[in-house]
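As a plain string of letters, each chain reads:
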Amino acid sequence: MDSLWKDVRFGLRTLLKSPGTTLAALLALALGIGANTAIFSVVNGVLLKPLPYPDPGELTLVWEKNPELGFPRFSVAPPNFVDWRQQSRSFEHMAAIEFARFNLTGGEQPQAVQGARVSSSFFRLMGVEPARGRGFRPEEDRPGAERVAVISHGLWQSRFGSDPAVVGRPIQLDGQSYAVVGIAPEDFQFPSERQIWVPITADLASEGRGGHYLLVVARLKDGVSAEKAETEMTGIASRLEKAYPDSNTGWGIDVTSLRETMVEDIRPALVILLVFVSFVLLIACANVANLLLARVAAREREIALRTALGAGRTRLIRQMLTETMVLFLAGGALGLLLAYWGTKALIALDPDGIPRAQEIGLDGGVLVFTLLVSLATGLLFGLVPALSAAGRQLAESLKEGGRAMAGGVRGRAMRNLLVAGQVALTLVLLVGAGLLIQSFARLQAVDPGFDPEGVLTVSYTLPQASYAEEPRQIAFSQQIVERVKALPGVLAAATVYPLPLSGSNMVLAFAVEGRPEPPRNEVPSTNVRAVTPDYFKAMGIPILEGRAFTEREDERAPWAVVINRTMANKVWPGESPLGKRFTFDDPGQPDTKWLTVVGVVGEVRHNAMNEEAGSEAYWSQLQNPMPDAALVVRTSQDPATLAGPVREQVKALDPNLPIDQIRTLEELVSASLSQSRFKTVLLALFAGLALVLAAVGVYGVVSYTVAQRTHEIGIRMALGAQRQSVLRLVVGQGMVLVLAGVAAGLLGAWFASRYLEDQVYGVSAKDPATFLAVPLVLAAVAFVANYLPARRATQVDPLVALRRD
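Before going into details, it helps to say that this report is about the structure given with it.

So, how was this worked out
Residues numbered from 1 in each chain as written. Predicted model: local features only at pLDDT ≥ 70, side-chain atom pairs only at ≥ 80, totals over all residues. Heavy atoms only, no water. Helix = DSSP H or I, 4+ residues; strand = E, 2+ residues; numbered from the N terminus. Buried < 20%, exposed > 50% of the residue type's maximum accessible area, 1.4 Å probe, protein only. Contact = heavy atoms within 4.5 Å. Core = buried A, V, L, I, M, F, W, Y, C linked by side-chain atoms within 4.5 Å. Salt bridge = Lys/Arg side-chain N within 4 Å of Asp/Glu carboxyl O. Phe/Tyr/Trp six-rings, centres within 6.5 Å; stacked < 30°, edge-to-face > 60°. Pairing = 2+ DSSP bridges. Arc of directions from axis to C-beta.

### Here's the deal with the overall build of the protein
Next up, step 1: Assigned secondary structure in the protein consists of 24 helices and 23 strands.
Next up, step 2: Among the 805 residues that make up the protein, the fraction classed as buried is 52%.
Next up, step 3: Of the contacts formed within the protein by residues at least 6 apart in sequence, a portion of 81% connects residues at least 24 apart.

Okay, here's the thing in structure tokens:
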């Protein structure tokens, strides 16, 4: 131990003797290790950490699926859930969840809170005990049961001032009284950061099997795998299909891990970022290894003298490795500081697009990762310089005037290999960044089908207690639209549900008048939106044929419908759909409501900017109202300035109705691109850092080569060599290394591009322009890095060079 400590102190003194080289190495290592630590902290928090529940591996989500109808996973019909819970033997508990939004009133200001209606076993299934109070009792999710609620820790703090007496106190949700029976733990965030949970009190077994709106979470019994549970559930689905062919034909079941479902969308992007950021670390380490090889060459005589005085090969290797490990551990410590800031910046870059963001941080696992990375890279990249130092020939190192290139042939070969490797890895990163930048640019240029500029959106939910009758819902929609239209600068106003790019959808099956009933697994379906008459004007959606809704099309008029071009071409190809009728009801019933097509509009990308628009139908909110709605307001001024006036108009109509999610349409579009932006910005940052490190590496090696060959260059120039020929010689030799790295990098990029195919939009992962432009850019940068020290070589004075050594 004493010997090791002496080696450490000697290594520190040696590093401090060349502060410039040490500082450059520390900076490169800090950037490489810091970037890796920051990305790993995200990967660790999102992908690797178990969920914060007891036995999280037993938690699963159970979905319905119908691939033939385009639903690889779908929400669950309530009666099917009841049958699953009664018949399955693979699960310890199974609970249903219905997402909801509640209007919390009774305080100074009404507040819209995100909530969920859940089965009474929900908290027991999750293995969560409320921090205060209790969870739900079995009898509390039955029809007619007393209304109770559990509130989140955050809502308890923000709304109720952390008052412990709130447990047992009644609160007003949607105009109805609920008794608060519990406060959830501070870190409980399932599902999707809900603020309040209430029991489902509907009779689920009596509902129709055609309505799918439940999320089902289940806990596996000990020793039962998700695959085994899915096999059992598939058998149950087959029995239900035979028992209820009208509704269950073609519907199967998918059982997936809860954690995997939560992270499956972001997993590929994080894995790619982790791989690519490791390339940055390798490039940084290659730079440091080149610096260490140069230092070994500069210390050649010192090492030879130590050998002559009796230092053995093993002793020299240990000393050099100790110096390297000190350097890499110091770089790791500095990188950890950079990672602390970097992790915060990563979360801020995409706070809504990163699941489990609250669990990301520099915990013990991340610290161990940083330590292991520092030790592993220090050992790997420090071994070559150490072996190089221990392999010096004593006689040649000590002889006076020895002009052999310091470091020998093997040293030169290793430096050249490191430079070529840096260039290759940099090219892979640049190609990946180039593809993602092009993809993001294409996404930003996509026409969403509406004009987002100058539009404000405001969401609200009409409570059932106050707006149970449809005429009241219709009256509110008409009045709020008229009031907002009268505001200064407003060009158009309307309501819609669901709002584009909000993540919500209504999908309904329909039947076309006069056509035979299709097979049950081929029944057509379409997305549906409920809108008021000026919606298309407010959104800037073009009317291609026919007309929009009018105020006359209310609950007394025949039902009208507007469809998009995709639905028109799919249902009535080659003919005008105007005047055609279809229904969302059973066409065989006498009270069937038939909808007449009065207009055709352009396609709107309602789900995501990288998803093609599907079939879409719009019905009039004045004929079939929805309690949930979003107000869209087009204005000639800054839409954000309308938030206050719109809030006042809502308050004037109903003081107890809160509004939330006040955003401009441009913000919604930007948020829909957040994950693509996250990947693109990070990979572009890594690629830029790699390019700088590679350029520095090339410059450093060529500069070192020029310095070592000063005597040779002097002789060449004394014998008549022209400056241009010396310049070509030095640049040419440097560019050979660069071109070798480019060739290897192109092969690596071609191989890596297959993993980017699902991450790019509107551009091929093997885009020829990118594979041509990136090597040219890299070669140009490398040429400059070669040219600068080569130009210095042409300024060598032959007389001075010949006197050297």
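Following the structure, the description resumes.
### Considering the nonpolar core
Next up, step 1: Ile39, Val46, Leu270, Val288, Leu429 and Phe686 are the most contacted members of the largest nonpolar core, which has 83 residues in total.
Next up, step 2: At the level of secondary structure, the elements contributing two or more residues to this core comprise α2 (19-48), α9 (267-298), α11 (313-349), α12 (364-390), α14 (408-445), α20 (674-708), α22 (723-752) and α23 (768-793).
Next up, step 3: Here this core takes 16 residues from α9, the largest share from any one element.

### Things to note about the pattern of salt bridges
Next up, step 1: Taken as a whole and assessed by the stated rule, the structure comprises 21 salt bridges.
Next up, step 2: For the salt bridge of Glu264 with Arg73, the shortest nitrogen-to-oxygen distance reads 2.5 Å. Taken together, the positions of Glu264 in the loop between α8 (258-263) and α9 and Arg73 in strand β2 (residues 71-74) put the pair 191 residues apart, joining distant regions of the chain.
Next up, step 3: The exposure class assigned to Glu264 is partly exposed, which follows from its relative accessible area of 35%.
Next up, step 4: The class for Arg73 is partly exposed, based on a relative accessible area of 29%.
Next up, step 5: Linking Lys766 and Glu757 is a salt bridge whose minimum nitrogen-to-oxygen distance equals 3.9 Å.
Next up, step 6: Each of the salt bridges in this network shares a partner with another, and the network as a whole consists of Arg73, Asp254 and Glu264.

### Quick look at the packing of aromatic side chains
Next up, step 1: Throughout the structure, instances matching the rule amount to 26 aromatic pairs.
Next up, step 2: Here Phe122 and Phe123 contribute two aromatic rings whose centre-to-centre distance is 5.0 Å and whose plane-to-plane angle is 70°, an arrangement assigned as edge-to-face. By the burial criterion, Phe122 is buried, and Phe123 matches it.
Next up, step 3: With a centroid separation of 6.2 Å and 40° between ring planes, the pair formed by Tyr535 and Tyr618 is classed as tilted. A residue pair is termed long-range when its members are at least 10 positions apart, and Tyr535 in helix α16 (residues 535-539) and Tyr618 in strand β21 (residues 616-620) qualify at 83 residues.
Next up, step 4: Accessibility expressed as a relative area gives 0% for Tyr535, which makes it buried.

### A look at the pairing of strand β18 (residues 560-564)
Next up, step 1: For β18, the buried fraction is high: 5 of the 5 residues fall into the buried class.
Next up, step 2: Note: β18 against strand β20 (residues 595-601), 5 bridges, orientation parallel. In the strand pairing of β20, Ala560 is matched with Thr596.
Next up, step 3: Bridge analysis of β18 against β21 gives 3 bridges, and the strand direction is antiparallel. From the neighbouring strand, Ile563 faces β21, where its bridge partner is Ala617.

### Re helix α5 (residues 153-160)
Think of an α-helix as 3.6 residues a turn; residues three or four steps apart then line up on the same face.
Next up, step 1: Looking only at α5, the buried set comprises His153, Leu155, Trp156 and Phe160. The buried side chains of α5 occupy one side of the element, clustering within an arc of 165° when seen end-on.
Next up, step 2: Backbone geometry just downstream of α5 places Gly161 in the positive-phi region, at approximately 60°.

### What about the pairing of strand β10 (residues 215-220)?
Next up, step 1: Burial runs high along β10: 6 of the 6 residues are buried.
Next up, step 2: Residues Leu215, Val217 and Arg219 of β10 are buried on one face, and the alternating residues Val216, Ala218 and Leu220, pointing to the opposite face, are buried as well.
Next up, step 3: Note: strand β1 (residues 59-66) against β10, 4 bridges, orientation antiparallel. Each residue of the ladder has a partner; that of Leu59, found in β10, is Arg219.
Next up, step 4: With 6 bridges joining them, strand β3 (residues 91-105) and β10 adopt antiparallel strand pairing. Bridge pairing in β10 links Ala95 to Val217.

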